[in-house]
Amino acid sequence: VDYGHWDVNLVGEFSPEDHFGFVYRITNLKNDRSYIGCKHLMKYQKGKPIKASEWRTYCSSSKYLKPEIDELGKENFSFTIILLCDNKRNLYYNEMKIQVELGVLTL
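None of the values given here were measured: they were computed from a predicted structure. (Residues numbered from 1 in each chain as written. Predicted model: local features only at pLDDT ≥ 70, side-chain atom pairs only at ≥ 80, totals over all residues. Heavy atoms only, no water.)

**Q** Let's hear about the overall build of the protein chain: which residues, and what values?
**A** Along the protein chain, the regular secondary structure elements total two helices and five strands. In terms of overall size, the protein chain behaves like a compact globule, its C-alpha atoms giving a radius of gyration of 14 Å where 107 residues would be expected to give roughly 13 Å. Structurally, the protein chain occupies a C-alpha span of about 40 × 30 × 25 Å along its principal axes. Within the protein chain, buried positions represent 39% of all 107 residues. The long-range fraction of contacts in the protein chain, counting pairs at least 24 apart against all pairs at least 6 apart in sequence, stands at 61%. Accessible surface computed for the protein chain: about 6,900 Å², of which carbon and sulfur atoms make up 50%. Treating the 15 positive side-chain charges of the protein chain as one cloud and the 14 negative ones as another, the clouds have centres 9 Å apart. (Helix = DSSP H or I, 4+ residues; strand = E, 2+ residues; numbered from the N terminus. Rg over C-alpha atoms; globule rule 2.2 N^0.38 Å. Buried < 20%, exposed > 50% of the residue type's maximum accessible area, 1.4 Å probe, protein only. Contact = heavy atoms within 4.5 Å. Areas by Shrake-Rupley, 256 points an atom, 1.4 Å probe, with all protein chains shown as cover. Lys, Arg positive; Asp, Glu negative; His and termini not counted. Charge placed at Lys NZ, Arg CZ, Asp CG, Glu CD.)

**Q** Describe the nonpolar core, with residues and values.
**A** Trp6, Phe14, Phe22, Ile26, Trp55 and Ile81 are the most contacted members of the largest nonpolar core, which has 17 residues in total. For this core, the elements supplying multiple residues, two or more each, are β1 (21-28), α1 (65-72) and β5 (77-85). Ranked by residue count, the leading element in this core is β5, at four residues. Beyond its immediate stretch of four places on either side in the chain, Ile26 contacts Trp6, Arg33, Ser34, Tyr35, Cys59, Ser60, Leu65, Ile69, Phe77, Ser78 and Phe79. (Core = buried A, V, L, I, M, F, W, Y, C linked by side-chain atoms within 4.5 Å.)

**Q** So, the environment of Ile26: which residues are in play, and what are the values?
**A** Mapped onto the elements of the fold, Ile26 is located in strand β1. Taking C-alpha positions, Ile26 is 19 Å from Phe14, a pair spaced twelve residues apart along the chain.

**Q** Summarise the pairing of β1; cite the residues concerned and give the values.
**A** By the criterion of burial, β1 is predominantly enclosed, with seven of the eight residues buried. Pairing of β1 with strand β2 (residues 34-40) involves seven bridges; the strand directions are antiparallel. The residue of β2 that forms the bridge with Thr27 is Ser34. Where β1 hands over to β2, the hairpin turn is made up of five residues, of which Asp32 adopts a positive phi near 65°. As paired elements, β1 and β5 share eight bridges and run antiparallel to each other. Within β5, the residue paired with Arg25 across the bridge is Thr80. (Pairing = 2+ DSSP bridges.)

**Q** How would you explain the pattern of salt bridges if you had to name every residue and give the values?
**A** Under the counting rule described, the total for this entry stands at four salt bridges. The residue Glu68 makes a salt bridge to Arg33 at a minimum N-O spacing of 3.1 Å. Residue Glu68 is located in helix α1, and its partner Arg33 is located in the loop between β1 and β2; the two are separated by 35 residues in the primary sequence. For Glu54, the salt bridge is made with Lys43, and the minimal N-O distance between the two is 3.6 Å. (Salt bridge = Lys/Arg side-chain N within 4 Å of Asp/Glu carboxyl O.)

**Q** Describe the sheet that holds β1, listing the residues and the values that go with them.
**A** Spatial ordering of the open sheet is given by β2-β1-β5, a layout of three strands whose pairing is antiparallel. Looking at which strands have only one partner, the edges of the open sheet turn out to be β2 and β5. The sheet shows a mean angle of 25° between the axes of neighbouring strands, taken without regard to direction. Here α1 sits on the sheet and contacts β1, β2 and β5; the angle it forms with β5, its principal contact strand, is near 140°. Against the sheet, helix α2 (residues 88-102) makes contact with β1, β2 and β5, and its axis sits at roughly 175° relative to β2, the strand it touches most. (Axes fitted to C-alpha atoms, helices over the stretch in contact; angles between N-to-C directions.)

Structure representation (structure tokens):
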């Protein structure tokens, strides 16, 4: 399976069609700052999967992180899948849970 630039060591090899999405961590290797987010593995229409999303090349939708990646280059970031989720509720719940646990929501 081609995982693109994603490191899957924490979750192991997986079949994308067996999961709804994943929670990820992108880390700036120059300053060690991290971003926690989530990504769907498939595009959906009326609740049914219709095709694979662009997850293999996805770099973030964060208005803060995207310019950093563009400026410094993808090679200065690590992209790690930290949790696979089987449904929408678990995906968004676990994204928030991990953000709270790591304290990334506080300034």
